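Structural overview
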Amino acid sequence: MTKSEMLFERAVKYIPGGVNSPVRAFGSVGETPRFLVSAKGSHLTDADGNTYLDYVGSWGPMILGHSHPVVLEAVSEACKKGLSFGAATEAEVEMAELISSIVPSVEMVRMVNSGTEAVMSAIRAARGFTGRNKILKFAGCYHGHSDAMLVKAGSGVMTAGVPDSAGVPAGCTEDTLTASYNDLESVEKLFDAWGYEIAAVIVEPVGANMGVVLPKEGFLEGLRRICTKHGSLLIFDEVITGFRLSLSGAQGYYGIKPDLTTFGKIIGGGMPVGAYGGRKDVMEMVAPKGPVYQAGTLSGNPVAMAAGLAQIRLLRDTPGFYQELHRKSHRLFTGMEEILKEAESPYQLNHIGSLGCLFFTEQPVDDYASAKTSDTEAFARYFSHMLREGIYLAPSQFEAMFVSAAITEEEIEETLQAVRRYFISQ
């Protein structure tokens with residue numbers, strides 16, 4: 001028995017399912033979770049001493065790679081001064097100034113402790129600002145585990161939400177409406193039905209929690225137009241895409257200006273952190289300035305701020321950073337496409353920038369329904385092969401691959417050879 005297996009046996013006795021987040025479970029791919037002990041650059045090391053080339057990157061934030069020396073030095077210096085104060089610090093001000101300077105839609109920002117908290121708070125601010133209650137989201141877009149966002153995917157677009165988790169009362173989701181991603185008609189029907197009761201539309205500008213699903217041409221522009229017409233706010237959930245697709249996120253990449261934006265752990269260099277921000281008139285509704293209450297004892301933690309400031313400044317100040325990251329990512333994903341074509345494998349590879357996902361389905365994937373046609377058993381076989389090859393992927397068909405700047409050309413070729421051995425040489 002491996003050490004990871006022994007650790008898992010211990011874990012299931014005291015932790016639900018043996019993991020502290022369901023995305024870490026390997027059950028759907030027929031494996032035991034690997035318990036990790038260290039990470040550096042593009043690689044992870046598990047409790048048994050196995051090393052893996054990492055395409056998860058702590059679910060996105062490790063865009064520079066693991067244990068970047070500049071980030072580690074910033075964290076070390078911050079730790080020497082104290083781990084937590086529960087009081088205002090200069091680093092919080094610097095972070096707010098930095099985000100506002102590089103994300104055009106953000107005029108004010110509030111730090112929180114997770115993406116879930118950021119979304120929950122942004123929705124509350126939108127409701128407080130508009131005086132409306134209903135929120136429109138999209139099937140397959142994940143916005144954290146707050147009650148109002150846990151709505152069963154695939155709900156009829158003309159009905160209110162149905163809870164997708166035990167413990168969530170129906171009343172908590174009765175004001176959550178669900179539309180189909182990439183389908184403006186489904187959005188317009190909901191607005192026709194509910195008129196001016198909709199406080200906000202929240203969307204992942206690139207769907208990254210049903211695999212990777214790109215917005216069709218005109219989709220994001222259409223959401224902006226509809227929200228403006230009806231006086232609703234447009235919220236971009238950039239927990240995944242923020243500072244990854246570009247320095248100014250997906251909104252900068254696509255040239256769309258939302259009213260509010262939510263960010264996640266990438267602004268803490270991978271440490272537990274989140275933020276929401278946007279228009280000044282909306283953000284000034286938040287306490288203590290306004291009547292919308294939101295608080296967090298550990299928000300703006302000085303160590304997390306130090307890590308985030310170091311990372312984002314590196315992204316900003318490194319010439320050609322995104323061009324180089326996208327170039328390497330393009331080589332990886334187009335190389336995979338060439339292998340799939342050579343093998344005559346009817347699978348779909350969606351990718352944009354340093355995000356990608358291989359879907360085990362014959363049909364194009366442009367929404368949640370088409371993503372769900374994927375053969376999850378086929379993905380599990382592919383996952384296990386890649387793990388044996390030393391390639392660490394997310395243990396789910398419906399998660400993204402994340403390419404980091406630390407991955408080298410040689411490692412991309414190693415990855416492509418592993419993919420080739422699965423589809424062609426086996």
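How each quantity is defined
Residue numbers run consecutively from 1 along every chain, following the written order of its sequence. Only residues with pLDDT of 70 or above have their local features reported here, since the model is predicted, and side-chain atom pairs are shown and tallied only from 80 upward, although totals for entire chains, interfaces and linings are computed over all residues. Side-chain numbers come from the whole structure's heavy atoms, not from hydrogens or water. By definition, any uninterrupted DSSP run of H or I lasting at least four residues is a helix, any uninterrupted run of E lasting at least two residues is a strand, and each is numbered from the N terminus. Only C-alpha atoms enter the radius of gyration, while the globule expectation follows 2.2 Å times N to the 0.38, with N the number of residues. Per-residue accessibility, obtained with a 1.4 Å probe over protein chains only, is compared with the maximum for each type, and a residue is labelled buried under 20%, exposed over 50%, and partly exposed between these values. By definition, residues are in contact when any of their heavy atoms lie within 4.5 Å. As used throughout, the charge tally considers Lys and Arg to be positive and Asp and Glu to be negative, leaving His and the chain termini uncounted. Charge coordinates come from a single atom per side chain, which is NZ of Lys, CZ of Arg, CG of Asp or CD of Glu. The criterion for strand pairing is that DSSP finds at least two bridges linking the strands in question. The definition used for a disulfide is geometric: two cysteine sulfur atoms within 2.5 Å. For every element, the axis is a line fit to its C-alpha atoms; helices are fit only across the contacting stretch, and the angle between N-to-C directions ranges from 0 to 180 degrees.

Moving on to the overall build of the protein. When helices and strands are counted, the protein shows 14 helices and 14 strands. Its C-alpha radius of gyration of 21 Å places the protein within 12% of the 22 Å reference for a compact globule of 426 residues. The buried share of the protein, taken over its 426 residues, is 53%. Contacts spanning at least 24 positions in sequence make up 71% of the contacts within the protein whose residues lie at least 6 apart. Placing the 37 positive and 49 negative side-chain charges of the protein at their respective mean positions leaves the two points 3 Å apart.

What follows is about the sheet that holds strand E3 (residues 51-54). In a beta sheet, neighbouring strands pair by backbone hydrogen bonds and run either parallel or antiparallel. In spatial order, the strands read E1-E2-E3-E13; together these 4 strands make up an open sheet with mixed pairing. This sheet does not close on itself; its edge strands, each paired only once, are strand E1 (36-40) and strand E13 (391-392). Two strands pair when backbone bridges link them, and E3 and E13 are joined in this way by 2 bridges, in the parallel orientation. Along E13, the bridge assignment pairs Leu53 with Ile391.

Evaluated as defined, the whole model comprises 0 disulfides. Free of any disulfide, Cys227 has its nearest neighbouring cysteine sulfur in Cys141, separated by 14 Å. Given a relative accessible area of 1%, Cys227 falls into the buried group. Left unpaired, Cys357 is separated from the closest cysteine sulfur, that of Cys141, by 14 Å. Judged by its relative accessible area of 2%, Cys357 is buried.

Judged by pairing direction, the sheet is mixed, and its 7 strands sit side by side in the order E4-E10-E9-E8-E7-E5-E6 without closing on themselves. Since the sheet does not close on itself, it has two edges, and those belong to strand E4 (108-112) and strand E6 (176-179), each with one partner. Taken pair by pair, the neighbouring strands of this sheet meet at an average axis angle of 20°, ignoring direction. Running at roughly 145° to E6, helix H6 (residues 184-194) makes contact with strand E5 (134-138), E6 and strand E7 (198-203) of the sheet.

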